[in-house]
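Structural description and commentary
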Amino acid sequence: MSDIDMTEIDITNEVCPMTFVRTRLALDRLSAGARLRVRLRGSTPLENVSRSLKLLGHTVEEMHTEPDGVTHRLTVLKASAA
């Protein structure tokens, strides 16, 4: 799947627990096997969102920290049944 086909959300202005809520809502709209790129801010949302997604059976394929050191991007593969 190319970057053009990937759904993206920016939740850099959200705080926990809304970071996960927004991510979950975005994933719920996608088909199984689709990818979601999540842009978030801070180490706590990064840890909480990635851990919660894994617990639901999704795969965090990539974690990237932007040059500012506090903004992160996750690429998530939606599980077949979540």
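Predicted model only: the values in this text are computed from it and were never measured. (Residues numbered from 1 in each chain as written. Predicted model: local features only at pLDDT ≥ 70, side-chain atom pairs only at ≥ 80, totals over all residues. Heavy atoms only, no water.)

A closer look at the sheet that holds strand β4 (residues 71-77)
The strands making up a sheet associate through hydrogen bonds between their backbones, and the pairing can be parallel or antiparallel. Formally: Being paired, for any two strands, means DSSP has found at least two bridges between them. Helix and strand definitions here come from DSSP, where helices need a minimum of 4 consecutive H or I residues and strands a minimum of 2 consecutive E residues; each element is numbered from the N-terminal end. Here the axes come from fitting lines to C-alpha atoms, over the contacting stretch only for helices, and the angles between their N-to-C directions go from 0 to 180 degrees. Note on definitions: a residue-residue contact is assigned when non-hydrogen atoms from the two residues lie within 4.5 Å.
Pairing is mixed across the open sheet formed by four strands, whose spatial order is β1-β2-β4-β3. Either end of the sheet is taken by a strand with one partner, and the two such strands are β1 (7-10) and β3 (59-65). For this sheet the average axis-to-axis angle between neighbouring strands, irrespective of direction, equals 20 degrees. With four bridges joining them, β1 and strand β2 (residues 35-41) adopt parallel strand pairing. When the sheet's bridge partners are listed, Glu8 is paired in β2 with Arg37. Its contacts with the sheet put helix α1 (residues 18-28) on β1, β2 and β4, and the angle it makes with β2 is roughly 165 degrees. Here helix α2 (residues 43-55) sits on the sheet and contacts β2, β3 and β4; the angle it forms with β4, its principal contact strand, is near 5 degrees.

Observations concerning the environment of Ala34
Spelled out, the test is: Buried, partly exposed and exposed residues are distinguished by accessible area as a fraction of the type maximum, computed with a 1.4 Å probe on protein chains only: under 20%, between the cut-offs, and over 50%, respectively.
Along the chain, the position of Ala34 falls in the loop between α1 and β2. Of the residues examined, Ala34 reaches a relative accessible area of 12% and is grouped as buried. Considered as a pair, Ala34 and Leu46 are 12 residues apart in the sequence and their alpha carbons are 20 Å apart.

A few points about the pattern of salt bridges
For clarity, the threshold we go by: Salt-bridge detection follows one rule: a side-chain nitrogen of Lys or Arg within 4 Å of a carboxyl oxygen of Asp or Glu.
Inspection of the entire model under this criterion finds eight salt bridges. Here Arg35 ties to Glu61 by a salt bridge, and the two come within 2.7 Å at their closest N and O atoms. Of this pair, Arg35 sits in strand β2 while Glu61 sits in strand β3; the two residues are 26 residues apart in sequence, bridging distant segments of the chain. Connected via shared salt-bridge partners are Asp10, Arg39, Glu66 and Arg73.

Side note on α1
What counts is decided by this rule: As used here, the arc belongs to the directions running from the helix axis to the C-beta atoms.
Along α1, the positions that sit buried rather than exposed are Thr19, Thr23, Ala26 and Leu27. For α1, the buried positions fall inside an angular range of 100 degrees around the axis, keeping them on one side. For α1, the elements touching its buried residues are β1, β2, α2 and β4.

A word on unusual backbone geometry
Of the consecutive residues Cys16 and Pro17, the connecting peptide bond is found in the cis state with omega at 5 degrees. Summarising the element assignment, Pro17 is placed in the loop between β1 and α1.

Examining the side chain of Lys78
As a reminder, the rule being used: Within this scheme the basic residues Lys and Arg register as positive and the acidic residues Asp and Glu register as negative, but His and the chain ends are omitted.
Topologically, Lys78 is positioned in the segment after β4. Buried charge without a partner: Lys78 forms no salt bridge, and the closest opposite charge is Asp28, 5.0 Å away. Here Lys78 is in contact with Leu27, Asp28, Leu30, Ser31, Ala32, Gly33, Ala34 and His58, once residues within four sequence places are set aside.

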